[in-house]
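Inside the fold
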Amino acid sequence: MAKPTPLQFRNILVAVVAAAAFVWSVVAGLEWWVSAIIGGACVLSLASAYLNRPNAG
């Protein structure tokens, strides 16, 4: 497996933080749309890490 690029590492780190924030928002009982936005950020960060992998083209 190839070593992740700095951009991939940043995206994975953001995805982990967003996942933790999503769990916290659900546990804290925030509005559903706040949790949806945070969850969307997690999904988009993971998608960006995947699309920016080496030899993706």
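Structural data are supplied above this passage.
As the structure is a prediction and not an experimental result, all values here were calculated from the model.

**Structural notes on a nonpolar patch on the surface**
On the surface, F22, V23, V26 and V27 cluster together to form a nonpolar patch covering roughly 370 Å² of accessible area. The residue F22 is located in helix α1 (residues 6-28) in this model.

**Describing the packing of aromatic side chains**
Scanning the entire structure with this criterion turns up 0 aromatic pairs. Across from the ring centre of Y50, 4.1 Å away, lies the NZ or CZ of R53, which sits over that ring.

**A word on the side chain of S35**
Note that S35 resides in helix α2 (residues 32-51). At 2.9 Å, the side chain of S35 forms a polar contact with the side chain of S25. Apart from residues no more than four positions distant in its own chain, S35 is found in contact with F22, S25 and V26.

**Some points on the packing of α1 against α2**
Put simply, α1 and α2 touch, their axes get as near as 8 Å, and they point 160 degrees apart. The angle between α1 and α2 falls in the class roughly antiparallel. Judged by the sense of rotation from one axis to the other, the crossing of α1 with α2 is left-handed. Counting all contacts with α1, which are made through Q8, N11, I12, V14, A15, A18, A19, A21, F22, S25 and V26, the residues of α2 involved are S35, I38, G39, A41, C42, S45, L46, S48 and A49.

**What to know about the environment of F22**
A relative accessible area of 34% means that F22 is categorised as partly exposed. Once the C-alpha coordinates of F22 and S35 are considered, the two residues, 13 residues apart in sequence, prove to be 5.7 Å apart. With near-sequence residues (within four places) excluded, F22 lies in contact with S35, I38 and G39.

What counts, and where the lines are drawn
- Residues numbered from 1 in each chain as written.
- Predicted model: local features only at pLDDT ≥ 70, side-chain atom pairs only at ≥ 80, totals over all residues.
- Heavy atoms only, no water.
- Patch = residues over 30% accessible without salt bridge, like charges linked within 9 Å, V, L, I, M, F, W, Y side chains within 5 Å.
- Areas by Shrake-Rupley, 256 points an atom, 1.4 Å probe, with all protein chains shown as cover.
- Salt bridge = Lys/Arg side-chain N within 4 Å of Asp/Glu carboxyl O.
- Helix = DSSP H or I, 4+ residues; strand = E, 2+ residues; numbered from the N terminus.
- Phe/Tyr/Trp six-rings, centres within 6.5 Å; stacked < 30°, edge-to-face > 60°.
- Lys NZ or Arg CZ within 6 Å of the ring centre and 35° of its normal.
- Polar contact = N/O pair within 3.5 Å; in protein donor to acceptor, adjacent residues only side chain to side chain.
- Contact = heavy atoms within 4.5 Å.
- Axes fitted to C-alpha atoms, helices over the stretch in contact; angles between N-to-C directions.
- Parallel < 35°, antiparallel > 145°, perpendicular 65-115°, else oblique.
- Left-handed = near helix turned anticlockwise from the far one by under 90°.
- Buried < 20%, exposed > 50% of the residue type's maximum accessible area, 1.4 Å probe, protein only.

Everything listed here is a matter of coordinates, which is why it stays silent on function.
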